[in-house]
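# Notes for the structure review
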Amino acid sequence: MSERTSRPPHTRSRARSWALQLLYGWEITGEGALAAHAARALEHRRISPRYRPHVDRILSLVESKREAIDRLLGETMPNWKLGRLDAIDRNILRIGIAELLYADEVPPKVAIHEAILLAGRYGSAESPRFVNGVLDAIHRKVAPSSV
């Protein structure tokens, strides 16, 4: 095992994984508000308190900005209906966009890289490339001078 793979993932990376699992479960079950679903789901899961602040931040951003995020996704992928996307990819993109646009403490390249890592871990073989392309296009669209 290399040194890189033997180190535990960064706290925010694990928090993103938890957030993705919660978003996916919420979307699949269709259970009301995201915050309420997350609270119920977390009653039955053991999650380290060190991950909770970033999990909560991601979920809050996605819930409060979901309409804008989904609209931006639709504009960026005009030949795709958001509902046609795999639920995992859709929610990875939502996390990536939430961090890219609304989490000032997360550098854009980190937001994109972390979303690609999530796609590699939870998505299909094509997911990392797809997620990278969409988030890169969004980053160029909203922050062309910083690319």
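See the structure printed just above.
Here is a short report on the structure shown in this document. Everything numeric here is computed off the predicted structure, so don't read it as measured data.

### A look at helix H4 (residues 52–76)
In this model H4 runs just 31 Å from its N-terminal to its C-terminal C-alpha over 25 residues, more than 12% under the 36 Å that 1.5 Å per residue would give. The sharpest bend along H4 comes to roughly 75°, located at Lys 65. Within H4, burial applies to His 54, Val 55, Ile 58, Leu 59, Leu 61, Val 62, Ile 69, Asp 70, Leu 72 and Leu 73.

### Thoughts on the pattern of salt bridges
Note on pairing: side chains with opposite charge can pair once their charged atoms come close. A complete count under the given rule lists eight salt bridges for this structure. A salt bridge links Arg 90 to Glu 27, with the nearest nitrogen and oxygen atoms 2.3 Å apart. Remark: Glu 27 occurs in helix H2 (residues 11–29) and Arg 90 occurs in helix H5 (residues 87–102); sequence separation between them is 63 residues. The class for Glu 27 is partly exposed, based on a relative accessible area of 23%. Arg 140 is the partner of Asp 136 in a salt bridge, and the nearest nitrogen-oxygen pair spans 2.9 Å. Here the residue Asp 136 and the residue Arg 140 both occupy positions in helix H7 (residues 127–142), the gap between them amounting to four residues, near one helical turn. A relative accessible area of 26% means that Asp 136 is categorised as partly exposed. One salt-bridge network, held together by shared partners, links Glu 27, Asp 70, Arg 90 and Arg 94.

Procedures and definitions
- Residues numbered from 1 in each chain as written.
- Predicted model: local features only at pLDDT ≥ 70, side-chain atom pairs only at ≥ 80, totals over all residues.
- Heavy atoms only, no water.
- Helix = DSSP H or I, 4+ residues; strand = E, 2+ residues; numbered from the N terminus.
- Expected span 1.5 Å × (residues − 1).
- Bend = angle between axes of the 7 residues up to and from the residue.
- Buried < 20%, exposed > 50% of the residue type's maximum accessible area, 1.4 Å probe, protein only.
- Salt bridge = Lys/Arg side-chain N within 4 Å of Asp/Glu carboxyl O.

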